[in-house]
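Architecture and fold: a report
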Amino acid sequence: SGLCVHALGGAPGVFSARYAGEPKSDERNNEKLVADLADKSDRRAHYVCVLVFVRHADDPQPVIVEGEWHGEIVDVPRGLGGFGYDPYFFLPDAGATAAELDAAEKNRRSHRGRALAQLVERLKTRRS
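Before going into details, it helps to say that this report is about the structure given with it. Going along each chain's sequence as written, the residues are numbered from 1 onward. In keeping with the model being predicted, local features are shown solely for residues with a pLDDT of at least 70 and side-chain atom pairs are shown and tallied solely at 80 or more, while totals for entire chains, interfaces and linings include all residues. Just so you know, side-chain values use all the structure's heavy atoms and leave hydrogens and water out.

Turning our eyes to something else, we now look at the environment of E22. Following the sequence through the fold, E22 ends up in the loop between β2 (12-13) and α1 (26-36). Partly exposed describes any residue whose relative accessible area lies between the buried limit of under 20% and the exposed limit of over 50%, with all areas from a 1.4 Å probe on protein chains only and scaled to the type maximum. With a relative accessible area of 57%, E22 lands in the exposed category. Along the primary structure E22 and V34 are separated by twelve residues, whereas in three dimensions their C-alpha atoms are 18 Å apart. For the purposes of these results, a polar contact is taken to be a pair of N or O atoms within 3.5 Å, where, inside protein, one atom must be able to donate a hydrogen and its partner to accept one; residues adjacent in sequence count only when each atom of the pair is a side-chain atom. A distance of 2.5 Å separates the side chain of E22 from the side chain of R18, its partner in a polar contact. Put simply, DSSP marks the helices as runs of H or I at least four residues long and the strands as runs of E at least two long, and each gets a number from the N terminus on.

Okay, unusual backbone geometry next. Residue P12 is bonded to the preceding A11 through a cis peptide linkage, with omega at 0°. With respect to the helices, strands and loops of the structure, P12 is situated in strand β2.

Core analysis: the largest hydrophobic core is formed by 18 residues, its most contacted members being L3, V5, L33, W69, I73 and F89. Elements that contribute at least two residues to this core include exactly β1 (2-5), α1, β3 (44-53), β4 (63-73) and β5 (89-91). For this analysis, residues touch if any pair of their heavy atoms sits within 4.5 Å. Setting aside residues up to four positions removed in sequence, F89 forms contacts with L3, A45, H46, Y47, W69, H70, G71, E72, I73, A96, T97 and A98. We define the nonpolar core as a collection of buried residues of types Ala, Val, Leu, Ile, Met, Phe, Trp, Tyr and Cys that are connected through side-chain atoms lying within 4.5 Å of one another.

Let us now look at the pairing of β4. Paired strands, in this sense, are two strands between which DSSP finds at least two bridges. Sheet analysis places β3 next to β4, joined by ten bridges and oriented antiparallel. Pairing of L51 across the sheet is with V65, part of β4.

Turning to the packing of aromatic side chains, a few remarks are in order. Planes of paired rings set the category: under 30 degrees apart is stacked, over 60 is edge-to-face and the rest tilted, where pairs are Phe, Tyr or Trp rings (Trp by its six-membered ring) whose centres lie within 6.5 Å. One pass over the full model with this rule turns up three aromatic pairs. For the ring pair Y47 and F89, a centre distance of 4.7 Å and an interplane angle of 65° mean the geometry is edge-to-face. Here F89 lies in strand β5 and Y47 lies in strand β3, a separation of 42 residues in the sequence. For Y47, a relative accessible area of 8% gives the class buried. One aromatic cluster is present, built from ring pairs that chain together Y47, W69 and F89.

This brings us to the side chain of S16. Mapping S16 onto the fold places it in the loop between β2 and α1. The class of S16 is buried, set by a relative accessible area of 8%. Side-chain polar atoms of S16 contact the backbone oxygen of G13, separated by 2.6 Å. Ignoring any residue separated from it by four or fewer positions in sequence, one finds S16 in contact with G2, L3, N29 and Y85.

Given below as structure tokens:
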């Protein structure tokens, strides 16, 4: 799971938690992200989550699903909820950042929520 920013070539990606180095810090990660985007007009970004369901160690056909959550990066944080990049991840269709959403709405919309919903559906389909 990670945040992919188009203008940064997909960074921070899998390095999202430690984008600004060790020790990991949400505050420093966000400062670095905003600084790296200072001269960029393209603010598109998305989160990615991949889930793999393996029934046993030698499972020849694990169930693999992927969820994405698209938004834009803003310069000024908004909202007190969530963690990580949430105060800077703006969702145009909601008119809010991820940090401004309540937990239920965030879980429904998020990359993790979307991937989990797909996994549940795939598992239901495989059982029938």
